[in-house]
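Residue strings, one per chain:
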Amino acid sequence: MSIIAHNIKKLRTEKGLSQQEFGDLFDINRGSIGSYEENRAEPKLETILKICEYFNLSVDDFLTKKLGVKIVQETVQNQEVGKATLEKVLSLEERIKDLESKMDKISKIINLN
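Residues numbered from 1 in each chain as written. Predicted model: local features only at pLDDT ≥ 70, side-chain atom pairs only at ≥ 80, totals over all residues. Heavy atoms only, no water.

1. Observations regarding the pattern of salt bridges
Applying the stated rule across the entire model yields five salt bridges. Here K50 ties to E46 by a salt bridge, and the two come within 3.4 Å at their closest N and O atoms. With K50 and E46 both in helix 4 (residues 45–54) and four residues apart, this pair spans about one turn of that helix. A relative accessible area of 36% places K50 in the partly exposed class. (Salt bridge = Lys/Arg side-chain N within 4 Å of Asp/Glu carboxyl O. Helix = DSSP H or I, 4+ residues; strand = E, 2+ residues; numbered from the N terminus. Buried < 20%, exposed > 50% of the residue type's maximum accessible area, 1.4 Å probe, protein only.)

2. Details of the environment of A5
Of note, A5 is situated in helix 1 (residues 3–14). For the pair A5 and R40, spaced 35 residues apart in sequence, the C-alpha separation works out to 9.1 Å. Other than its neighbours up to four places away in sequence, A5 contacts Y36, E37 and N39. (Contact = heavy atoms within 4.5 Å.)

3. Quick notes on the environment of I33
Tracing the sequence through the fold places I33 in helix 3 (residues 30–37). With 13 residues separating them in the primary sequence, I33 and Q20 have C-alpha atoms 7.9 Å apart. The contacts of I33, once residues within four sequence positions are left out, are R12, Q19, F22, G23 and I28.

4. Overview of the packing of aromatic side chains
The final tally for this structure, using the stated rule, is five aromatic pairs. Between Y54 and F55, the aromatic rings sit 4.9 Å apart at their centres with planes inclined by 80°, giving edge-to-face as the arrangement. Taking relative accessible area as the criterion, Y54 reaches 25% and is therefore assigned partly exposed. Taken together, the ring pairs connect F22, F26, Y54 and F55 into an aromatic cluster. (Phe/Tyr/Trp six-rings, centres within 6.5 Å; stacked < 30°, edge-to-face > 60°.)

5. Comments concerning the nonpolar core
With 16 residues, the main nonpolar core has I8, L11, F22, I51, F55, L57 and F62 as its most contacted residues. Contributions of two or more residues to this core are made by helix 1, helix 3 and helix 4. When neighbours within four sequence positions are excluded, F22 is seen to be in contact with I8, L11, R12, L17, I33, I51 and F55. (Core = buried A, V, L, I, M, F, W, Y, C linked by side-chain atoms within 4.5 Å.)

As structure tokens, then:
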């Protein structure tokens, strides 16, 4: 098994994704993912870049090193932390807008008196 084939399968299985689900993330059909994992084909550079960006991996590591469970779990955890942080930021932005709107209303009421 080539390094790329190994790494795609390792990322997919550690993330708990089917070949279809993994392919959907990168707009690739399930058959192509199977071909990559079985070393019958190699992904385009554009696809490799998308995978590396999604999993926060260096292209060099993805192409030259067999990823182990620890590395994959760390990338998955980092990704989950990033999503949680983004959700918190968006929630705070909404709360700030709400408070600004309320302050605006209060200011208008004060200015009327």
